[in-house]
Amino acid sequence: QVQLVESGGGLVQAGGSLRLSCAASGRISSNYPMGWFCQAPGKEREFVAAWNGGTTYYADFAKGRFTISRDGSKNTVYLQMNSLKPEDTAVYYCAAHTSAGSIRLGDHYSYWGQGPQVTVSS
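This one's a predicted model, so the numbers in the text were calculated from it and none came from an experiment. (Residues numbered from 1 in each chain as written. Predicted model: local features only at pLDDT ≥ 70, side-chain atom pairs only at ≥ 80, totals over all residues. Heavy atoms only, no water.)

Engineer: Please clarify how the pattern of salt bridges should be interpreted in this entry.
Structural biologist: Where charged atoms from two side chains of opposite charge approach closely, those side chains can pair. This structure, assessed with the given rule, holds 2 salt bridges. Note that aspartate 60 and lysine 63 form a salt bridge whose closest N and O atoms lie 3.4 Å from each other. In this structure, arginine 65 and aspartate 88 form a salt bridge, with 2.7 Å as the shortest nitrogen-oxygen distance. One end of the pair, arginine 65, is in the loop between β6 (55-58) and β7 (66-71); the other, aspartate 88, is in the loop between β8 (76-81) and β9 (90-97), and 23 residues separate them in sequence. Each member of the pair, arginine 65 as well as aspartate 88, carries the same accessibility label: buried. (Salt bridge = Lys/Arg side-chain N within 4 Å of Asp/Glu carboxyl O. Helix = DSSP H or I, 4+ residues; strand = E, 2+ residues; numbered from the N terminus. Buried < 20%, exposed > 50% of the residue type's maximum accessible area, 1.4 Å probe, protein only.)

Engineer: Any chance you could explain the pairing of strand β5 (residues 46-52) here in plain terms?
Structural biologist: Regular strands place side chains that alternate from one sheet face to the opposite one. For β5, the tally of buried residues reaches 5 of 7 residues, placing the bulk of the element in the interior. Sheet analysis places strand β4 (residues 34-39) next to β5, joined by 5 bridges and oriented antiparallel. By the bridge assignment, cysteine 38 is partnered in β5 with glutamate 46. With antiparallel pairing between neighbouring strands as the criterion, β4 and β5 make up a hairpin whose turn holds 6 residues, including glycine 42 at a positive phi of roughly 75°. Here β5 pairs with β6 via 4 bridges, running antiparallel. Within β6, the position partnered with asparagine 52 by the bridge is threonine 55. (Pairing = 2+ DSSP bridges.)

This is the structure:
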């Protein structure tokens, strides 16, 4: 089995920064493709960023502000979020990309984390 444990959510003022962490354990290697998604109240889940063998992918709204990285020694993936805006307020989930298909689509992911809340005040 695979477990993804997230940390680092919270409340921050607009313009501030947060770093989310997602520690993986179980039957998942340290170079497994991983992604981050977010879901705001009343909205569908959307892709934020992904890491696959050193190649990174970003949603347009995340480019230039968010950075995804992976620490293989800790089997942990991070999402550094800078210049946060109130519209970034959402629950953020990490997940493992487990099936063939676009790394930008949540349908191709399994083993989701619990989803910490990120709230950006104006």
